[in-house]
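One letter stands for each residue in the lines below.
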Amino acid sequence: GVNDYSGITPTSLHSQTGRTEYEYLLDLFFSAGQSQVRLLGNSTSVGYLFITSTGVTVRYGSSSGTQVVITATIPFDDDYHLIKITRLGSIHNVYVDGVLAGTKTDSQAALGSTISNIGRIGSVTTPPTKIKSIIFKNTIGGTELFNWDATASSHASGTPVLTDTVGSNNATGVNMPTDGSA
């Protein structure tokens, strides 16, 4: 359906207070008919990660003044792409399939906002996006804190659709059909 997303136990991820280093590895399918992926967020639009065909927006707090926009060309071409997003101090980088696609220097402070949804920011869900995995590391090349992997066989509401293979913060389906049609 158009309003499907997954819920996780709230966690700060990139917006943990004081965090100045992290790495995301995102293995996602980018449909040619889309131009955006509302990947990580919560019900109040704070502390999110948003991908468009022209770049990545990382919000560290509750207002647009707490976000960093990294300009990069992201291909929406009916194929899977590995997107890597890193922060080291004030340097934010976006890589597409291993190639540096964009850099932004911005020392925006992380303000402790939590992520509780995959595929939803505020009340808006992303157009349907196929996710192979979402990995979050506490440092660049560091320890995996979360690895959401699409290994679940059922996409029924209330069942894990992305299993966290590192911890136990599985993503469960919300608004998903229970007849197996998702």
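Residues numbered from 1 in each chain as written. Predicted model: local features only at pLDDT ≥ 70, side-chain atom pairs only at ≥ 80, totals over all residues. Heavy atoms only, no water.

J.: Is there a simple way to explain the pattern of salt bridges in this structure?
T.: Side chains that carry opposite charge are capable of pairing whenever their charged atoms lie near each other. Taken as a whole and judged by the stated rule, the model has two salt bridges. We note a salt bridge from glutamate 23 to lysine 84, for which the minimum N-O separation is 4.0 Å. In this pair, glutamate 23 is assigned in strand S2 (residues 21–30) and lysine 84 in strand S7 (residues 79–88), connecting sequence segments 61 residues apart. Each member of the salt-bridge network shares a partner with another, and the members are Glu23, Lys84 and Lys137. (Salt bridge = Lys/Arg side-chain N within 4 Å of Asp/Glu carboxyl O. Helix = DSSP H or I, 4+ residues; strand = E, 2+ residues; numbered from the N terminus.)

J.: What should I look at first to understand the nonpolar core in this one?
T.: In a soluble, globular protein the nonpolar side chains are often hidden away together inside. In this structure, Leu26 and Leu39 are the most contacted members of the largest nonpolar core, which totals 35 residues. Residue contributions to this core peak at five residues, all from S2. (Core = buried A, V, L, I, M, F, W, Y, C linked by side-chain atoms within 4.5 Å. Buried < 20%, exposed > 50% of the residue type's maximum accessible area, 1.4 Å probe, protein only.)

J.: Would you take a moment to explain the pairing of strand S9 (residues 99–105) for this structure?
T.: Both strand S8 (residues 91–96) and S9 contribute to a ladder of six bridges, which runs antiparallel. Within S9, the residue paired with valine 96 across the bridge is valine 99. Following S8, the chain reverses through two residues before pairing antiparallel with S9; aspartate 97 in that reversal takes a positive phi of roughly 50°. (Pairing = 2+ DSSP bridges.)

J.: Would you take a moment to explain the side chain of aspartate 27 for this structure?
T.: One can find aspartate 27 in strand S2. Buried within the structure, aspartate 27 lacks any salt-bridge partner; lysine 132 is the closest side chain of opposite charge, at an N-O distance of 4.5 Å. Setting aside chain neighbours within four positions, we find aspartate 27 in contact with Tyr80, His81, Leu82, Lys130, Ile131, Lys132 and Ser133. (Lys, Arg positive; Asp, Glu negative; His and termini not counted. Contact = heavy atoms within 4.5 Å.)

J.: Would you mind going over unusual backbone geometry with me for this structure?
T.: Most peptide bonds take the trans configuration, and most residues that are not glycine carry a negative phi. Residue aspartate 78 is not a glycine yet carries a positive backbone phi of 60°. Exposure remark for aspartate 78: the relative accessible area of 46% places this residue in the partly exposed category. Even without being glycine, aspartate 97 reaches a positive phi, approximately 50°. Note on placement: aspartate 97 falls in the loop between S8 and S9.

J.: I'm lost on the confidence of the model for the protein in this one. Help?
T.: One rule of thumb: low pLDDT means the predicted coordinates there are not for detailed reading. This prediction gives the protein a mean pLDDT of 79; 78% of its residues lie at or above 70. The secondary structure element of the protein with the lowest average pLDDT is strand S12 (residues 124–125), at 57, and the one with the highest is S9, at 98. Scored below 50 in pLDDT, residues 177–182 shows eight contacts in the model against residues more than four places distant or in partner chains. (pLDDT = per-residue confidence, 0-100.)

J.: I tried to follow the pairing of strand S14 (residues 144–149) on my own but got confused; where do I start?
T.: In summary, the side chains of a regular strand alternate between the two faces of the sheet. Pairing between strand S13 (residues 131–137) and S14: five bridges, direction antiparallel. Among the inter-strand pairings, serine 133 is bridged to a residue of S14, identified as aspartate 149. Connecting the antiparallel pair S13 and S14 is a turn made up of six residues, with glycine 141 showing a positive phi of about 70°.

J.: Got a minute to help me understand the environment of serine 12 in this structure?
T.: In this fold, serine 12 is placed in the loop between strand S1 (5–11) and S2. Considering only alpha carbons, one finds serine 12 and serine 113, 101 residues apart in sequence, at a separation of 5.7 Å. For serine 12, the residues in contact, after removing those within four places along its chain, are Gly112, Ser113, Thr114 and Ile115.

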